[in-house]
Amino acid sequence: MCQVTDGDVEQLTKKPDLRGGRDCMKCGEKAVVVARINDPLCRECFVTYFTHRFRATIGKSRLIRDGDKVLVAVSGGQNSCAMLNLIKKGLSVAAQKKLRFVPTLVYIDEGVVTGQSRTERTTNQKTVCKYFDESGFPWHTSALEEVVNGSGTSTISPVRSCYDDGCKQSHDAVADRLDGLRIEDDEKMKRLEELLAHTKSLTAKQDLVQKLRHKLLLHLAKQYGCCKVMLGNTSTSLSASILANIAQGRGAAVPLDMGFSDDRHGDISFVRPMRELTNREVALYNRLCDVESTFIPNLSTMAGEYSSISTLTESFINGLQADFPSTVSTVFR
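Source: prediction; values computed, not measured. (Residues numbered from 1 in each chain as written. Predicted model: local features only at pLDDT ≥ 70, side-chain atom pairs only at ≥ 80, totals over all residues. Heavy atoms only, no water.)

Trainee: Even after reading the chapter, I still don't get the confidence of the model for the chain, so can you show me in this structure?
Mentor: Regions with low pLDDT should not have their predicted coordinates read in detail. Residue-level pLDDT values for the chain average 83, and 83% of them are 70 or greater. Contacts of residues 150-171 to residues separated by more than four positions or lying in other chains number 52 contacts, the stretch itself having pLDDT below 50. Low pLDDT, under 50, characterises residues 177-181; the predicted model gives this stretch 12 contacts beyond four residues in sequence or across chains. (pLDDT = per-residue confidence, 0-100. Contact = heavy atoms within 4.5 Å.)

What follows is the structure, given as structure tokens:
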């Protein structure tokens, strides 16, 4: 029979009292944030810490080699936009140790899942594509209903956001091309809507949408010649997923679902370079570095705490994390 002693379990640490001001543990300047559990840092030291965690996660895996083409999935949310900002900095001329892979950005429109209108979906696409344009990387968009049809074609032609045939495009020129964005035809949308309608529980719908999304990303990676797909999952979201997967009887898949690399799909792997960072740290980084992001509703938006297994475990993790900052690291390790 299994027995657990006190020494086998990491003790949860109570949230520290931050009143009265503290000095940065690195340089002695006035601290503006508290990283990890109880580490006060100034702005410069926090950005250095955050960037190092991201780059170290990629470096220590030794899975992304020089010249690898990587498909970077960007949803427009805080996590993926922070990841895009880190990649842009890591590939800039000013970077001391440049990242060596070649990124291609992709946005998958999932508006059909939440019943958004064509206008709302087009507006969301334009917002995310503006971030892509500012990054200077080649980018594409697609719609989730494409995976139901099986074609996996993009909603617009591939566009180089900053340079095209050696000539820099103006923002107005890119905006004009975005005006031609085409939401997929009604037949494909109806197929996906019918599939979702026959999926009764929110838990099953969330699982279905995730599987369809991953299937489409794999198809797009093959189409654009990428050997890796980069996701923006943080340790906070992965901790909630660990509990949700175990509750649904998928505990055996936890190492691949939560690890840095998921190589179950043949010659294309999913990688998670943000897995050592929490949602709170991402929000602080975006605030301190003025990283833009947008809110796009999904299936769990406005859903109750007990609507699905995923929303319940997410609420449980976030509730504990608010008072005990070591909750995520305890579950995640």
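Trainee: I would appreciate a short explanation of unusual backbone geometry in the present structure.
Mentor: With glycine set apart, most residues show a phi of negative sign, and most peptide bonds adopt trans. Positive phi is not limited to glycine here, since R62 has a value of about 55 degrees. By the element assignment, R62 lies in the loop between α1 (43-61) and β3 (69-73). One non-glycine residue, D290, adopts positive backbone phi at about 55 degrees. Its location among the elements puts D290 in the loop between α11 (279-288) and α12 (309-323). A relative accessible area of 66% means that D290 is categorised as exposed. (Helix = DSSP H or I, 4+ residues; strand = E, 2+ residues; numbered from the N terminus. Buried < 20%, exposed > 50% of the residue type's maximum accessible area, 1.4 Å probe, protein only.)

Trainee: Would you explain the pattern of salt bridges in this entry?
Mentor: Opposite charge on two side chains allows them to pair when their charged atoms are near. Overall, the coordinates contain 12 salt bridges when judged by the stated rule. In this structure, the salt-bridge partner of R250 is D207, at a minimum N-O distance of 3.5 Å. With R250 in the loop between α9 (235-247) and α10 (254-258) and D207 in helix α8 (residues 202-223), this residue pair connects regions lying 43 residues apart in the sequence. Residues participating in the shared-partner salt-bridge network are D109, R121 and E145. (Salt bridge = Lys/Arg side-chain N within 4 Å of Asp/Glu carboxyl O.)

Trainee: Where do I start with the side chain of R272 in this structure?
Mentor: Along the chain, R272 falls in the loop between β11 (269-271) and α11. No salt bridge is formed by the buried R272; the nearest opposite charge belongs to D262, separated by 4.1 Å. There is a polar contact of 3.2 Å between the side chain of R272 and the backbone oxygen of L256. Looking at R272, its side chain comes within polar contact range of the main-chain oxygen of D257, at 2.9 Å. Other than its neighbours up to four places away in sequence, R272 contacts T57, L231, N233, L238, L256, D257, M258, G259, F260 and D262. (Lys, Arg positive; Asp, Glu negative; His and termini not counted. Polar contact = N/O pair within 3.5 Å; in protein donor to acceptor, adjacent residues only side chain to side chain.)

Trainee: Looking at this model, I keep getting lost on the nonpolar core. Mind explaining?
Mentor: The tendency in soluble globular proteins is for nonpolar side chains to be buried as a group. Of all hydrophobic cores here, the largest spans 42 residues; its most connected members are F50, I87, M230, M274 and Y285. With seven residues, the single largest contributor to this core is α1. Membership of the second largest hydrophobic core comes to 25 residues, among which are I108, L192, L212 and C226. (Core = buried A, V, L, I, M, F, W, Y, C linked by side-chain atoms within 4.5 Å.)

Trainee: Looking at this structure, I do not really get the environment of K188. What am I missing?
Mentor: Looking at where K188 falls in the secondary structure, it is placed in helix α7 (residues 186-197). Assessed through its relative accessible area of 13%, K188 is described here as buried. Considered as a pair, K188 and E146 are 42 residues apart in the sequence and their alpha carbons are 7.0 Å apart.

Trainee: How should the side chain of S80 be read in this particular structure?
Mentor: Looking at the secondary structure, you find S80 in helix α2 (residues 78-90). Under the relative-accessibility criterion, S80 is labelled buried at 5%. Engagement of the side chain of S80 in a polar contact is seen with the backbone nitrogen of S75, the distance being 3.2 Å. Within the structure, S80 has its side chain in polar contact with the backbone oxygen of G77 (distance 3.4 Å). In this structure, S80 is in contact with A73, V74 and S75, ignoring residues within four places of it in sequence.

Trainee: I keep staring at the packing of aromatic side chains and nothing clicks. Help me out?
Mentor: In total, this model carries four aromatic pairs according to the counting rule given. Consider the rings of F46 and F50, whose centres lie 6.0 Å apart with planes at 40 degrees: the pair is tilted. Remark: F50 and F46 occur in helix α1; sequence separation between them is four residues, near one turn of the helix. Each member of the pair, F46 together with F50, is buried. An angle of 10 degrees between the planes, with centres 4.4 Å apart, marks the rings of F50 and Y285 as stacked. Linking F50 in helix α1 with Y285 in helix α11, this pair joins segments that are 235 residues apart in sequence. For the pair shown, F50 and Y285 are each scored as buried. In this structure an aromatic cluster arises from ring pairing among F46, Y49, F50 and Y285. (Phe/Tyr/Trp six-rings, centres within 6.5 Å; stacked < 30°, edge-to-face > 60°.)

Trainee: Even after reading the chapter, I still don't get the environment of C227, so can you show me in this structure?
Mentor: For C227, the position within the fold is in the loop between α8 and β9 (228-230). The class of C227 is partly exposed, set by a relative accessible area of 23%. As a C-alpha pair, C227 and G266 span 39 residues in sequence and 9.8 Å in three-dimensional space. For C227, the contacting residues outside a window of four places in its chain are D68, K69, D267, I268 and S269.

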